[in-house]
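Observations on the model geometry
Here's the letter readout for the chains.
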Amino acid sequence: MRELDKKLWAERGKVQRMFGDAFMEHFLEVEDEWEDRRSFYFYQAGFRLGIRLMLEALRPA
């Protein structure tokens, strides 16, 4: 995983040199927003699964 991170940051460095700091800053802001939304989606999915499992456990056999 660490090796992939190094490769990714090397590629991001190339993009930054080509398009500039302002573009890269905007790109990272958008990426952060995407990651926040993705994390919230997984949180919601986990919460829903937990509720379903609790309701299933409470049903009479």
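Higher on the page you've got the structure.
Residues numbered from 1 in each chain as written. Predicted model: local features only at pLDDT ≥ 70, side-chain atom pairs only at ≥ 80, totals over all residues. Heavy atoms only, no water.

**Details of the packing of helix α1 (residues 2-19) against helix α2 (residues 21-58)**
It is the contact of α1 with α2, at a shortest axis distance of 7 Å, that shows an interaxial angle of 135°. Relative to α2, α1 is oriented oblique. Where α1 approaches α2, its residues R12, V15, Q16 and F19 are matched on the opposing element by D21, F23, M24, F27, L28 and E31. Taken together, the residues that form the contact of α1 with α2 break down as six nonpolar, one polar and three charged. (Axes fitted to C-alpha atoms, helices over the stretch in contact; angles between N-to-C directions. Helix = DSSP H or I, 4+ residues; strand = E, 2+ residues; numbered from the N terminus. Parallel < 35°, antiparallel > 145°, perpendicular 65-115°, else oblique. Contact = heavy atoms within 4.5 Å. Nonpolar A, V, L, I, M, F, W, Y, C, P; charged D, E, K, R; others polar.)

**Re the pattern of salt bridges**
Going through the model one piece at a time under the given rule, you end up with five salt bridges. The salt bridge partner of R12 is E31, with a shortest N-O separation of 2.4 Å. Linking R12 in helix α1 with E31 in helix α2, this pair joins segments that are 19 residues apart in sequence. Taking relative accessible area as the criterion, R12 reaches 12% and is therefore assigned buried. E31 sits in the partly exposed class, given a relative accessible area of 25%. (Salt bridge = Lys/Arg side-chain N within 4 Å of Asp/Glu carboxyl O. Buried < 20%, exposed > 50% of the residue type's maximum accessible area, 1.4 Å probe, protein only.)

Keep in mind that these numbers describe shape and distance, not what the molecule does.
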